[in-house]
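Results of the structural survey
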Amino acid sequence: MKLTAAQRAALDKSVAPARMGTYLAAAGHDPDHARELYLWDPELSVAFMADLAILEVALRNAMNSRLVSRWGERWFESQSIRLDDRSCRALADAWSRTAPDRGPDRIVAQCMFAFWRALLDKGDHVGVGPSRVRCDYETQLWRGVLDKAFPGGKAQAARDGFPLSGQGIRRTAHEAHSDCMRLAGMPDRDLASWGDATSNIGAVLAKRPRSVADR
C-alpha cells in the first residue's frame with residue numbers, strides 16, 4: 001500500500017514509538033517497510049480470528065457432546081463431577097450472563113474458551129483450608145470421556161506432535177495456521193478439509209509486504 005507523505009506522518013503520529021519499534025526491527029529498520037507491516041498485521045489477525053471462531057465452537061461442541069453423553073444435558077450441575085475453583089468460577093460467570101434463560105445450550109455457549117481449555121489439563125484445586133483438594137481431570141474427565149471428543153487426535157499427535165504450553169516456543173504465522181488446521185482435524189476430519197478450502201489466512205500470508213531488497 002503506497003502512502004502519501006501526509007498519510008505517513010499521520011500514521012507515525014498515531015502509533016507509539018515503542019509499538020512501531022517492533023515492526024521496525026522486523027523490517028530491518030526500513031520505516032516504509034515497517035509501516036506496510038503494521039497495516040498488514042490487522043488483516044492477518046482478522047483472518048486468524050475468523051478461523052479460530054469456527055474452531056472454538058467446533059471444539060466446544062465436541063467436548064460438550066461427550067460430557068452430555070456421560071452426565072446428561074446439565075452435566076455442569078452433576079454432583080458426580082468435581083470441578084476445580086477456576087472452572088466453578090467460569091461456570092458461575094456463564095450462569096450470571098444467561099439469566100433469566102438458563103437452558104443448557106445457553107450456558108454452554110457462554111463458557112469462554114479458557115474454560116474448555118482448562119478441562120483438558122490435569123485439574124487444579126477446589127475448596128479452602130483443610131478441605132482443599134486437587135481435582136484429577138485426567139482420570140475423571142479425560143479418560144473415556146473427553147478423549148473420545150478427538151478421534152483424530154492420536155494420529156495427529158503421533159505424526160506431527162504439538163508444542164506444550166509453558167515451553168516458550170514461538171510459532172510463525174505459517175506454523176500457527178498449520179497447527180490450527182491440524183487441530184481442526186482432531187474432532188472432525190471433514191472440518192480440517194473445510195478449513196483448508198475456505199481459510200483466508202494463506203492468501204493474506206502471501207500478501208505479506210516485502211522489503212525493497214526482496215522486491
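The structure under discussion appears in the preceding block.
Cut-off values and rules
Residues numbered from 1 in each chain as written. Predicted model: local features only at pLDDT ≥ 70, side-chain atom pairs only at ≥ 80, totals over all residues. Heavy atoms only, no water. Helix = DSSP H or I, 4+ residues; strand = E, 2+ residues; numbered from the N terminus. Expected span 1.5 Å × (residues − 1). Core = buried A, V, L, I, M, F, W, Y, C linked by side-chain atoms within 4.5 Å. Buried < 20%, exposed > 50% of the residue type's maximum accessible area, 1.4 Å probe, protein only. Contact = heavy atoms within 4.5 Å. Disulfide = S-S within 2.5 Å.

Here we look at helix α3 (residues 31-71)
Taking 1.5 Å of rise per residue, 41 residues should cover 60 Å, and α3 covers 58 Å from first to last C-alpha, within 8% of that figure. A positive phi of about 90° marks G72, the residue just after α3.

Section: the nonpolar core
Ranked by internal contacts, the top residues of the largest apolar core, which has 31 residues, are L67, W75, W116, L119 and L141. At 5 residues, the largest contribution of residues to this core is made by α3. If near-sequence neighbours (up to four positions away) are discounted, W116 is found in contact with R60, M63, N64, L67, W75, V108 and C111. With 16 residues, the next largest nonpolar core counts Y23, L37, I201 and L205 among its residues.

So, the side chain of H33
You can see H33 is positioned in helix α3. Once residues within four sequence positions are removed from consideration, H33 is found in contact with A27, P209, R210 and S211.

Notes on the state of the cysteines
Counted according to the given criterion, the structure contains 0 disulfides. No disulfide involves C88; its sulfur sits 7.3 Å from that of C135, the nearest cysteine.

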